Amino acid sequence: MKQPPVPSYYRATATPYETYVPLQGRQEVRVAVVGGGYAGLNVVLGLAERGVRDVMLLEREQIGFGASGRNGGFVFAGYSLGEQALLDQLGAARARSLFGLTTAAVQRIRERVEQYAIACDVVDEGVIWANWFRDPAVLRERQQLLATHYDTQWDWLPQDSLRERVNSGRYADGLYERNALHLHPLNYAIGLAAAAAGQGVCIHENSDVWRLRREGAHWRLDTAHGVVLAEQVVLACGGYLAGLQRSIDRSVLPIATYVMTTEPLGPRLDTCLRTRAAVYDSRFAFDYYRPLADTRLLWGGRIAIRNRSPHAVKRLLRKDLLRVFPQLEGVNIDYAWSGLMSYARHQMPQLGSDGNGLWWAQAFGGHGLAPTCAAGELLAAAIAEDDPAWRQFADYGLVSAGKPLGFLAAQASYWWQESRDWLKTRLEG
Ligand SMILES: Cc1cc2nc3c(=O)[nH]c(=O)nc-3n(C[C@H](O)[C@H](O)[C@H](O)COP(=O)(O)OP(=O)(O)OC[C@H]3O[C@@H](n4cnc5c(N)ncnc54)[C@H](O)[C@@H]3O)c2cc1C
């Protein structure tokens, strides 16, 4: 179903480009990728970089229409599933290897932005994890876990150092993750598309694939005005569900989350942030925010099972903002929007194949920038070179998300965790 365009800051400041024409007529390709978010874009770019010709990407709306053009723009290693759970589930060596894919992806993103001259406002100044609670144990444990099992050093930020950077009475100590950055997510997506198109990938926007089926030795994809026959197909539709294969769609829950930006703050920005790093906090339902080049503050948070109107998002997030930065009382909010993440029950990305030329890459949750880059590399290498490395994700298959009850379970779990955090805050006084 068509959705109205989002009045997002990212759309308003998107790099202009000549739109990619919708698919027309009948075509044959080696690989067709459905979904013009990071997952699909990273696959096609990975294929193009490996010299695979005859690659097509089909996007229902515009490049970056989904989560990839609406997100917080934090680029950091790891997955939605936390590092401790990854370790418990896979053991030290395999957990380290999967985590390492995302550390490498952070570096690959830096390199690609430079190599393809993608103008996406990269701020390579790290990310701060600010402790909402006074108890430092959670920070200490995570710092140690990362150092011991993931070769990753996060620096301790005592409360006064944190306060110098983030002028809020809300936080105790913090951790600083140096190997992280933030960027304009939609312009990054637009840049990935341009890089792929520049190497021969055929991109079609406004091309909703409404049917996928086998036809002889090929997969046949139908759009309103075209048909594609492909040897291999990759479905990369995130929370915006392709509607093409029941087993693939039913394995993810689309979960909404919200973002807004203030008006340009000028010198008022310094009353809140004296760092260019991005910030999030240690609660389950954390706030996340970062300064933008034009002195706006971009602010995100909350998780829900439905999208909300920009007006409702503004109202909710403004309350959250003022709880952290009361000095911004009266500030105007210029843009607010929501986006859908795709979550699997196991909270890990789902990368897989039916063994007959159909692939999927989805369920990146709220931690998608680096993992989609890693996934794109794995699937491109699998398709181009028969590289089996993607099988590292085999433990995290297409498990049913149990819809519609899964939505209720997700909402209940969110409320439960939120109330635990609320109680902990109250008990700490
Ligand atoms: C508000 C928000 C904040 C976030 N913040 C961060 C963050 O700061 N850092 C981070 O790492 N991650 C963040 N994430 C998560 C990250 O954005 C996602 O994990 C990532 O963008 C997922 O990419 P994707 O390609 O799988 O899906 P999407 O970007 O959602 O792309 C899927 C695309 O498929 C298209 N599509 C669907 N069906 C069809 C069809 N039948 N035919 C053609 N096209 C179709 C859709 O139109 C859509 O464009 C956030 C997500 C949201 C929503």
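For clarity, every value in this text was computed on a predicted model and none was experimentally measured.

Rules used in this analysis
Residues numbered from 1 in each chain as written. Predicted model: local features only at pLDDT ≥ 70, side-chain atom pairs only at ≥ 80, totals over all residues. Helix = DSSP H or I, 4+ residues; strand = E, 2+ residues; numbered from the N terminus. Rg over C-alpha atoms; globule rule 2.2 N^0.38 Å. Buried ≥ 20, exposed ≤ 12 C-beta atoms within 10 Å, placed from the backbone. Contact = placed C-beta atoms within 7 Å. pLDDT = per-residue confidence, 0-100. Near = placed C-beta within 6 Å. Nonpolar A, V, L, I, M, F, W, Y, C, P; charged D, E, K, R; others polar. Domains from an automatic or database assignment. Expected span 1.5 Å × (residues − 1). Axes fitted to C-alpha atoms, helices over the stretch in contact; angles between N-to-C directions. Parallel < 35°, antiparallel > 145°, perpendicular 65-115°, else oblique. Pairing = 2+ DSSP bridges. Left-handed = near helix turned anticlockwise from the far one by under 90°.

Engineer: It is not clear to me how the overall build of the protein chain should be interpreted in this structure. Could you clarify?
Structural biologist: When helices and strands are counted, the protein chain shows 11 helices and 18 strands. Relative to the compact-globule value of 22 Å for 429 residues, the protein chain shows a C-alpha radius of gyration of 21 Å, a close match. Once the C-alpha set of the protein chain is aligned to its principal axes, its extents read approximately 65 × 45 × 45 Å. Classification of the 429 residues of the protein chain by burial places 47% in the buried group. Of the contacts made within the protein chain by residues no fewer than 6 positions apart, 76% connect residues no fewer than 24 positions apart.

Engineer: Sorry if this is basic, but what is going on with the confidence of the model for the protein chain here?
Structural biologist: Close inspection of predicted coordinates is inappropriate in any region flagged by low pLDDT. With 97% of its residues at a pLDDT of 70 or more, the protein chain has an overall mean of 93. Predicted confidence is poor over residues 1–5, with pLDDT under 50, and the contacts of this stretch with residues over four places away or in other chains come to 1 contact.

Engineer: Is there a simple way to explain the site of the ligand in this structure?
Structural biologist: In the vicinity of the ligand lie 44 residues, with Gly-37, Gly-66, Gly-72, Gly-238 and Gly-368 positioned nearest. Grouping the constituent residues of the shell around the ligand by class yields 18 nonpolar, 21 polar and 5 charged. If you count residues domain by domain, the shell around the ligand takes at least three from each of domain 1 (7–122 + 182–252 + 345–398) and domain 2 (127–178 + 254–343).

Engineer: Even after reading the chapter, I still don't get helix H4 (residues 92–115), so can you show me in this structure?
Structural biologist: Over its 24 residues, H4 runs 34 Å from end to end, which matches the ideal 34 Å to within 8%, given 1.5 Å per residue. For H4, every residue scored as buried is listed here: Ala-95, Leu-98, Phe-99, Leu-101, Thr-102, Ala-105, Val-106, Ile-109 and Val-113. As for H4, its buried residues are in contact with strand E3 (74–75), helix H3 (83–90), helix H5 (137–150) and helix H10 (369–385). Ala-117 sits one or two positions beyond H4 and adopts a positive phi of about 50 degrees.

Engineer: Honestly, the packing of H4 against H10 in this entry has me stumped. Any pointers?
Structural biologist: The angle between the axes and the distance between the axes are what describe a pair of packed helices. The geometry of H4 relative to H10 is characterised by a closest axis approach of 8 Å and an angle of 95 degrees between their N-to-C directions. With respect to H10, the element H4 is oriented roughly perpendicular. For the pair H4 and H10, contact is made by Leu-101, Thr-102, Ala-105, Val-106, Arg-108 and Ile-109 and by Leu-369, Ala-370, Pro-371, Cys-373 and Ala-374, respectively. Tallied by class, the residues present in the contact of H4 with H10 amount to 9 nonpolar, 1 polar and 1 charged.

Engineer: Is there a simple way to explain the domain arrangement of the protein chain in this structure?
Structural biologist: Frequently, the measure chosen for interface size is the accessible area removed from exposure when the parts meet. If you check the domain split of the protein chain, you get domain 1 (7–122 + 182–252 + 345–398) and domain 2 (127–178 + 254–343). Placing a centre on the C-alpha atoms of domain 1 and another on those of domain 2 gives a separation of 27 Å. The partner domain 2 presents 25 residues to the 34 residues of domain 1 that form the contact. Of all the secondary structure elements, the ones that give two or more residues to the side of domain 1 that touches domain 2 are helix H1 (9–12), H3 and H4. Among the elements that make up the side of domain 1 that touches domain 2, the one with the highest residue count is H4 (4 residues).

Engineer: I tried to follow unusual backbone geometry on my own but got confused; where do I start?
Structural biologist: Backbone phi values are negative for most residues with the exception of glycine, while trans is the configuration of most peptide bonds. The backbone phi angle of Arg-302 is positive, close to 70 degrees, even though this residue is not glycine. When you line up the elements, Arg-302 lands in strand E15 (residues 297–304). You can call Arg-302 partly exposed: it has 19 C-beta atoms within 10 Å. Here Gln-347, not a glycine, exhibits a phi torsion of approximately 65 degrees, which is positive. Within the secondary structure, Gln-347 is located in the loop between strand E16 (333–343) and strand E17 (350–353). Classification of Gln-347 by C-beta neighbours within 10 Å gives partly exposed; the count is 17.

Engineer: Just checking my understanding: could you explain the pairing of strand E9 (residues 211–215) for this structure?
Structural biologist: Within a regular beta strand, the side chains point alternately toward one face of the sheet and then the other, so they alternate between its two faces. One ladder, built from 5 bridges, connects E9 with strand E10 (residues 218–222); its direction is antiparallel. Opposite Glu-215, over in E10, you have His-218 as the bridge partner. Turn length for the E9-E10 hairpin, with the two strands adjacent in sequence and antiparallel, is 2 residues, and the turn residue Gly-216 shows positive phi of about 60 degrees.

Engineer: How do you make sense of the pairing of E16 when you look at a structure like this?
Structural biologist: Counting buried residues in E16 gives 10 out of 11 residues, a clear majority hidden from the surface. Two elements, strand E12 (residues 253–262) and E16, share 10 bridges in a ladder whose sense is antiparallel. Bridge pairing in E16 links Met-260 to Ala-336.

Engineer: For this particular structure, what's the right way to read the sheet that holds strand E14 (residues 288–291)?
Structural biologist: Where strands meet in a sheet, backbone hydrogen bonds hold them as pairs that are either parallel or antiparallel. Sheet architecture is open: 8 strands sit in the order E5-E6-E4-E13-E14-E15-E12-E16, paired in mixed fashion. Both outer strands of the open sheet, strand E5 (154–157) and E16, are each paired with one neighbouring strand and no more. On average, each strand axis in the sheet is inclined to that of its neighbour by 20 degrees, with strand direction left out of account. Relative to E14, strand E13 (residues 278–281) is paired through 2 bridges, and the arrangement is antiparallel. For Val-279, the partnering residue across the bridge sits in E14 and is Tyr-289.

Engineer: Please clarify how the packing of H3 against H5 should be interpreted in this entry.
Structural biologist: Following both chains from N to C, one finds H3 and H5 inclined at 40 degrees, their axes separated by 10 Å at the closest point. For the element pair H3 / H5, the angle class is oblique. Helix-helix and strand crossings are classified by hand; for H3 and H5 the assignment is left-handed. Where H3 approaches H5, its residues Glu-83, Gln-84 and Leu-87 are matched on the opposing element by Leu-145, Leu-146, His-149 and Tyr-150. When the residues that make up the contact of H3 with H5 are grouped by side-chain class, the tally is 4 nonpolar, 2 polar and 1 charged.

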